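# Remarks on the overall topology
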Amino acid sequence: MFESVLVANRGEIAVRVIRTLRRLGVRSVAVFSDADAGARHVREADTAVRIGPTAAAESYLSVERLLDAAARSGAQAVHPGYGFLAENAAFARACEEAGLVFIGPPPGAIELMGDKIRAKETVRAAGVPVVPGSSGSGLTDAELATAAREIGMPVLLKPSAGGGGKGMRLVRSEEVLAEEIAAARREARGSFGDDTLLVERWIDRPRHIEIQLLADGHGNVVHLGERECSLQRRHQKIVEEAPSPLLDEATRAAMGEAAVQAARSCGYRGAGTVEFIVPGSDPSAYYFMEMNTRLQVEHPVTELVTGLDLVEWQLRAAAGEPLGFGQQDIRLTGHAVEARLCAETARAADGGRVDFLPSAGTVRLLREPAGEGVRVDSGLSPGTEVGTAYDPMLAKVVAHGPDRATALRRLRAALAGTDVLGVDTNAGFLRRLLAHPEVVSGEMDTGLVDRDAASLLRPSVPAEVYAAAALLRHAALAAGGGADAGRASGEAGGPAAPGGAAGDAAGAAGAAAGGPEGSGGRPGWTDPFSVPSGWRLGGTPAWTPHPVGIPGHEPVTVHVRGPLHAAEIRMEESAVTPAATPAPAGTAAAAGPDGAVRARLVPGSDGPSAPGARLLVEYAGVTHVFHHAPDGAGGHWLGRDGDAWHATAHDPVAAALRGGAGAGQAGALTAPMPGTVTVVKAAVGDAVTAGQSLLVVEAMKMEHVIAAPHDGTVTELDVTPGSTVAMDQVLAVVAPHEPAATADGGPAAPAAAITEEASDVPS
């Protein structure tokens, strides 16, 4: 076994590999870019070496800098993780030439299986069934188009040099074939440095099932059963499980043997995966798709059902040890399901489509689940800066149980107990997906998420979320009135607030908002005009308005009256959904004649700096539990059951200024996420048609095509290729030929049409 191993990766996979190295007594060496100087994997390693600036090309993708880090740290071997250079034969060969052991397959096997065209030819010769498609490499656009027509629509365009969904395009119509080929080549060239494509028959409603392999250098190859990876969006896996609910024992054994033959055909060593496309109506008619010559993101589900540590056996195989077991020793126990937690925002778009947009931010509060059968592989820690330079996957939440129903139930509960406040994530979306009837029954396919994604979104914000945000803001204002503000608020509108409720919450929220110790400069004295009590001489207390903004939704003004422990709240009913749990019929919690609802901060709420930061809010007679964290700018993040809302103090004047001159015009196209403009296809003065692509924005290895919302003329275009853009920044304006108007006479607010591709692996 090695004495020291360098982990040539970042994030959760680096933490995962370091965990096994620590258990085996092997010294770990981490590498980091400037963006990751304070990252969790850096802190958990025994040694960490800076390898360059944030850009991956100058750090994690630099063979020279990685080899230099290995030499400086005295590492004997290099574990590539997944993504970056994990399937780069040149890197594996460079490691060997530098006297380092590459913990992975031989360079020749990586080259062979990394070329999808040669891989299909090789496994076909070994007797493994393959998907019908084009043959030969280096096909021109015209040859690809001809092959596609011969196969028949729909077809799938795939880069020959890579995987993970990057550059993959499903084409259902010949009319868009040329444009899709060009887009696939562009993404393939940007991701892999090679724009070679192949085309395959598309199988409708397919299942994606893969076989996990282990091989040593002594001729032993075993399979560890299968993983079902059919729950995908944009061809990227988001939920995986083992074993598959589709396969019977005979099909499992046949597919496992086919995978073993594929591995033997290329002289494989280490951990690898053979992926198959399987018709849901006939599991025995499976086809080889590709072989991933690395550890997979979803390897934890296999570890949980087999009891094997795949990273350990990667290390042992690389060190020359034989496998300590044979095929007859492999037993699958129970069921495991994994969900990929990603930094992204899911938003409804035109035509029932859902756009999954990369998000960024600072982790203000982190709550990761635990419990029986629950495992979390994470690269997060409080304060982590999530940017757009790398893959959006943050962590994996995994659950194991004696059967599939138990594993699914545990995973749904684990996702409900997950909070990454400060960054939008897909935790709530995943939780609802796992409750989808087709998922529960095991009858899903790779198109399920794309078909039903819109039904898995929360279309609007629950009323109690706005109530909680307004009460926190109200508490911050009360705290700003001085140490006695909580009591003053109570005296103005009712009984004194108990210390555990309004007083504590006000103090905590006030501290988060930066409220002063006193208002008039005299300790112990309260300026009555600084207390949000609504006090009026000889009259009914007035309402205090709190305009609350939540991204993706229209701002709502929440009016609060009375003390925090016994307040009344009124808001625009059309702007929000009812409380998640309706008040019991006949209770005093029902809204009054003026639409007011009773609400209060419940004793037991934590300050925002407390571990877990629980916030209890009673609204309409029902107590709701949130986790919360200040955003550092006067707003708050609120989390519950995997969902999160960023509630800010909305300022309409500031919002108008941020939007820029073009934001209020019909046809203003804004950036759906922070990123970089890579392609500009139009110029000012061009006449464009609805749906015509105008420019491309890239973030976290995802390409987003911004299209014209209607027929018109480009009147503004303020970006060029290479421009860095912020979320909601105006990119272009298309003046309509016939301006549309909304029902209230104002200009329509068109949304950019977006198409996306994403990676299967974090890099």
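This section reports on the structure supplied with the text. Note that the structure is a prediction, hence the values are computed from the model and not measured.

### Observations concerning the overall build of the protein
- Regarding its fold elements, the protein presents 19 helices and 38 strands.
- Of all 763 residues assigned to the protein, the portion counted as buried reaches 55%.
- Once local pairs closer than 6 in sequence are excluded, the contacts in the protein between residues at least 24 apart make up 66%.
- Carbon and sulfur atoms make up 51% of the accessible area of the protein, which amounts to about 28900 Å² in all.

### Section: unusual backbone geometry
- Cis geometry is adopted by the peptide bond preceding Pro154, which originates at Met153 and carries an omega value of 0°.
- Within the secondary structure layout, Pro154 lies in the loop between α7 (141–151) and β6 (155–159).
- Along the chain, Ala242 connects to Pro243 via a cis peptide bond; the corresponding omega equals -5°.
- Non-glycine residue His235 carries a positive phi angle of around 65°.
- Notably, Asp641 is not glycine yet its phi reads approximately 55°, a positive angle.

### Remarks on the sheet that holds strand β27 (residues 614–619)
- Judged by pairing direction, the barrel is antiparallel, and its 8 strands sit side by side in the order β23-β24-β25-β26-β27-β28-β29-β30 before closing back on the first. When strand polarity is set aside, the average angle formed by the axes of neighbouring strands in this sheet is 35°.
- As judged from the 6 bridges shared by β27 and strand β28 (residues 622–630), these two strands associate in the antiparallel manner. Along β28, the bridge assignment pairs Leu616 with Val625.

### Comments concerning empty space enclosed by the protein
- Enumeration over the complete set of coordinates arrives at 4 cavities of 30 Å³ or more.
- When its volume is computed, the largest cavity comes out at roughly 110 Å³.
- As for the largest cavity, its lining consists of 13 residues, of which Ala469, Arg473, Gly634, Ala647 and Ala649 are closest to the centre.
- Among the secondary structure elements, those contributing two or more residues to the lining of the largest cavity are α16 (463–480), β23 (544–549) and β30 (643–649).
- Across the lining of the largest cavity, the residue classes tally to 7 nonpolar, 5 polar and 1 charged.
- A volume near 60 Å³ is recorded for the second largest cavity.
- Forming the boundary of the second largest cavity are Ile117, Lys120, Glu121, Arg124, Ser134, Ser135 and Leu198.
- Among the elements that make up the lining of the second largest cavity, the one with the highest residue count is helix α6 (residues 116–125) (4 residues).

### Regarding the sheet that holds strand β1 (residues 4–7)
- Sheet architecture is open: 5 strands sit in the order β3-β2-β1-β4-β5, paired in parallel fashion. Single-partner strands in this sheet number two, and they are β3 (47–52) and β5 (101–102).
- Pairing of β1 with strand β4 (residues 77–79) involves 3 bridges; the strand directions are parallel. Paired with Val5 across the bridge in β4 is Ala77.

### Observations concerning the packing of α7 against helix α8 (residues 177–192)
- Where α7 meets α8, the closest approach of the two axes is 10 Å, and the angle between their N-to-C directions is 125°. Classified by the angle between their axes, α7 and α8 sit oblique to one another. In the crossing of α7 with α8, the sense of the turn from one axis to the other is right-handed. Listed contacts from α8 to Asp141, Leu144, Ala145 and Ala148 of α7 are Leu177, Ile181 and Arg185.
- Looking at the contact of α7 with α8, its residues break down into 5 nonpolar, no polar and 2 charged.

### Examining the packing of aromatic side chains
- All told, the structure shown has 7 aromatic pairs when counted by the stated rule.
- When the centroid spacing of 5.6 Å and the interplanar angle of 85° are considered together, the rings of Tyr60 and Tyr390 count as edge-to-face. Placement of the pair is Tyr60 in the loop between β3 and α3 (63–73) and Tyr390 in the loop between β20 (385–386) and β21 (393–401), with a sequence separation of 330 residues. For the pair Tyr60 and Tyr390, a shared accessibility class is recorded, and that class is buried.
- Site record: aromatic cluster; members linked through ring pairs are Tyr60, Phe84 and Tyr390.
- In this structure, Arg233 packs its charged tip against the face of Phe356, placed 5.2 Å from the ring centre.
- Here the guanidinium or amino end of Arg570 rests over the ring plane of Trp543, the centre of that ring lying 4.6 Å away.

### A few points about the environment of Thr140
- With respect to the helices and strands, the residue Thr140 is situated in the loop between α6 and α7.
- Separated by 41 residues in the primary sequence, Thr140 and Ile181 have C-alpha atoms spaced 9.9 Å apart.

### A word on the pairing of strand β14 (residues 335–342)
- Among the 8 residues in β14, 8 count as buried, and that is most of the element.
- Of the two faces of β14, the one lined by His335, Val337, Ala339 and Leu341 and the one lined by Ala336, Glu338, Arg340 and Cys342 are each fully buried.
- Where β14 lies against β21, 8 bridges are found, and the strand directions are antiparallel. What sits directly across from Val337, in β21, is Ala399.

### Remarks on the side chain of Ser160
- As for its placement among the helices and strands, Ser160 is situated in the loop between β6 and β7 (169–171).
- Engagement of the side chain of Ser160 in a polar contact is seen with the side chain of Asp115, the distance being 2.9 Å.
- Those residues within four positions of Ser160 in sequence are excluded, and the remaining contacts are Gly114, Asp115, Lys116, Ile117, Thr196, Leu197 and Leu198.

### Thoughts on the environment of Pro551
- If you trace the backbone, Pro551 turns up in the loop between β23 and β24 (556–561).
- Considering only alpha carbons, one finds Pro551 and His646, 95 residues apart in sequence, at a separation of 7.0 Å.
- Apart from residues lying up to four places away in sequence, Pro551 is in contact with Arg347 and His646.

### Quick word on helix α5 (residues 107–114)
- Those residues of α5 that fall on the buried side of the exposure criterion are Pro107, Ala109, Ile110, Leu112 and Met113.
- Residues of α5 that are buried make contact with α4 (89–97), β5, α6, α9 (249–265) and β13 (287–292).

### Re the pairing of strand β2 (residues 27–33)
- Of all 7 residues that make up β2, 6 are buried, and the element is covered over most of its length.
- Pairing geometry for β1 and β2, over 4 bridges, is parallel. Each bridged residue has a counterpart across the sheet, and for Leu6 the counterpart in β2 is Val29.
- At this point the chain moves from β1, through helix α1 (residues 11–24), to the parallel β2, and the crossover so formed is right-handed.
- Across 5 bridges, the pairing between β2 and β3 is parallel. Looking across to β3, one finds that Val29 is bridged to Thr47.

Procedures and definitions
Residue numbers here run from 1 along each chain, matching the order of that chain's written sequence. Two thresholds apply to this predicted model, a pLDDT of at least 70 for residue-level local features and 80 or more for giving and counting side-chain atom pairs, whereas whole-chain, interface and lining totals are computed over all residues. Only hydrogens and water are set aside when side-chain values are computed; all heavy atoms of the structure are taken into account. Strands are runs of DSSP state E lasting at least two residues, helices are runs of H or I lasting at least four, and both sets are numbered from the N terminus onward. The classification of residues rests on relative accessible area computed with a 1.4 Å probe and restricted to protein chains. Under 20% of the type maximum is buried, over 50% is exposed, and intermediate values are partly exposed. Contact criterion: two residues are considered in contact whenever any of their non-hydrogen atoms come within 4.5 Å of each other. Method for areas: the Shrake-Rupley scheme with a 1.4 Å probe, in which residue coverage is limited to the protein chains shown. Pairing between strands requires that DSSP locate at least two bridges from one strand to the other. Throughout, an axis means a line fitted to C-alpha atoms (over the contacting stretch in the case of helices), and angles, computed between N-to-C directions, take values from 0 to 180 degrees. Only protein atoms enter the 1 Å grid used here, on which a cavity is any set of points holding a 1.4 Å probe that cannot leave and a pocket is any open set flanked by protein within 12 Å on both sides along at least five of seven lines; residues with an atom within 4 Å of a point are listed as lining. Grid points are joined across faces, edges and corners, and a volume is the space filled by probe spheres set on the points. As a working rule, the residues Ala, Val, Leu, Ile, Met, Phe, Trp, Tyr, Cys and Pro are called nonpolar, Asp, Glu, Lys and Arg charged, and the rest polar, with Gly in that last group. Roughly parallel covers angles under 35 degrees, roughly antiparallel covers those over 145, roughly perpendicular covers 65 to 115, and oblique covers all other angles. Crossing handedness follows the turn of the near helix against the far one: under a right angle anticlockwise gives a left-handed crossing, and clockwise gives a right-handed one. Any two of the Phe, Tyr and Trp rings considered here, Trp counted by its six-membered ring, make a pair once their centres fall within 6.5 Å; the pair's planes then place it as stacked at under 30 degrees, edge-to-face at over 60, or tilted in between. Counting as a charge over the ring demands two things of the Lys NZ or Arg CZ atom: a distance within 6 Å of the ring centre and an angle within 35 degrees of the ring normal. Any pair of N or O atoms that falls within 3.5 Å is considered a polar contact. Within protein, one atom must be able to donate a hydrogen and the other to accept it, and sequence-neighbouring residues count only if both atoms are side-chain atoms. We call a crossover right-handed when, viewed with the strands running away from us, the connection from the first strand over the helix to the second turns clockwise.

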